[in-house]
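# Structural description and commentary
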Amino acid sequence: MNVIIAIVIIAAIIGWVFVKIDELSGLGRNVRAGGPRHPHGKLVSVRNTDDIPETVPFGKRFASSLPFITSAALLALFLALNAVDVRIFGIPSSEMALVLSATGITALIIVVEATFRAPEGKKTFWTFIYALVGAVALGLAASALLSLVGLTGNVSLTAYCITTIAAYMFGSALVVALLPDNVTFERTFEDGAKRSITVSTRSTAYAAYTAMMGETPKED
C-alpha cells in the first residue's frame, strides 16, 4: 500500500511540473525556441477567453461558503436526541446522537452543502473532495482536543456533537473559500502557434498574462 501511495504522489508531482512548464512557456527574458520549456518560442500576446474575476474579500467568501443550513439542522437533531430519554432500535437516544455525529454521513451532508455554495465553475467533484478533507481534518483535531479536556456524561456528548458539527462546517467552508478562481487564456507565440490554457488566479502565469494585457492581477 505504501508503494502505491508513493507512486501516486510521484505521478501527481510529475504532472504538476509539466503543467507549470506549459503555463510558463514563452515567458522570461532569455527565451529560445525549441526544447520542452519553450517549444514555440517567446509569448507575444495573450487574451482571456473567460471574464477576469473580481476580487472578493476572504471574509465574504468564507461567510458565503458556510454550510449553516445542514449544520443547524443536524445540530438540532443531535441535541434533541441528547435531551430525550428514549431508545431507538434498542439504543439510547443519547448514544444514537453520538454515533450519528461521529459517522461519515454527517460530514458528507455538510460538505455537500458547502460544495453547492461554491462559486459557479467550482461546484465540482474535486471541490467536494477537498472540502471533505478539510472537514474531516478539522473534525479529528476537534475530537482530539475534546479528549484532552476530559469531559464526561451528557456534557461530553453534547460538547462532542456541537464541536464535531462546527468543525465540519468551518473546515469545509474554509477549503471552499480558499479555492482559487480559474481563467482560460489564449496565447500566441512567436512562431504563430496559438494555445489555450486554464490557470489559477494565484499562479505566476496568471500574473504574467494579466500584466501583458495591462490588467491588474487578482490578489487576496
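The coordinates are above.
Here we summarise the structure given alongside this text. (Residues numbered from 1 in each chain as written. Predicted model: local features only at pLDDT ≥ 70, side-chain atom pairs only at ≥ 80, totals over all residues. Heavy atoms only, no water.)

A word on helix α3 (residues 68-83). Counted at 1.5 Å a residue, the expected span for α3 with its 16 residues is 22 Å, and the 22 Å between its end C-alpha atoms agrees. Buried residues of α3: Thr70, Ser71, Leu74, Phe78, Leu81 and Asn82, and no others. Summarising the axial view, the buried residues of α3 lie within an arc of 100°, below the 170-degree limit, and thus occupy one face. Facing away from the buried surface of α3 by more than 90 degrees, the exposed residues are Ile69, Ala73 and Ala83. (Helix = DSSP H or I, 4+ residues; strand = E, 2+ residues; numbered from the N terminus. Expected span 1.5 Å × (residues − 1). Buried < 20%, exposed > 50% of the residue type's maximum accessible area, 1.4 Å probe, protein only. Arc of directions from axis to C-beta.)

Glancing now at the environment of Ala131. Among the secondary structure elements, Ala131 is positioned in helix α6 (residues 125-149). For Ala131 and Phe170, which are 39 residues apart along the polypeptide, the C-alpha to C-alpha distance reads 9.9 Å.

For the rest of this paragraph, the subject is the sheet that holds strand β5 (residues 194-200). Strand order in the open sheet formed by 3 strands is β1-β4-β5, and the pairing between neighbours is antiparallel. Of all strands in the sheet, those bounded by a partner on one side alone are β1 (43-48) and β5. In this sheet, adjacent strand axes meet at a mean angle of 30° when their direction is disregarded. Pairing analysis gives 5 bridges linking β1 to strand β4 (residues 182-189), with the strands arranged antiparallel. Across the sheet, the residue bridging to Arg47 is Glu186, located in β4. Here helix α8 (residues 204-213) sits on the sheet and contacts β1, β4 and β5; the angle it forms with β1, its principal contact strand, is near 95°. (Pairing = 2+ DSSP bridges. Axes fitted to C-alpha atoms, helices over the stretch in contact; angles between N-to-C directions. Contact = heavy atoms within 4.5 Å.)

Looking now at the packing of α3 against helix α5 (residues 104-116). Viewed as axis vectors pointing N to C, α3 and α5 meet at an angle of 150°, and their least axial separation amounts to 8 Å. On the basis of their axis angle, the class for α3 and α5 is roughly antiparallel. Together, Phe68, Ile69, Thr70, Ser71, Leu74 and Phe78 of α3 and Thr106, Ile109, Ile110 and Glu113 of α5 make up the contact between the two elements. Looking at side-chain class alone, the contact of α3 with α5 contains 6 nonpolar, 3 polar and 1 charged residues. (Parallel < 35°, antiparallel > 145°, perpendicular 65-115°, else oblique. Nonpolar A, V, L, I, M, F, W, Y, C, P; charged D, E, K, R; others polar.)

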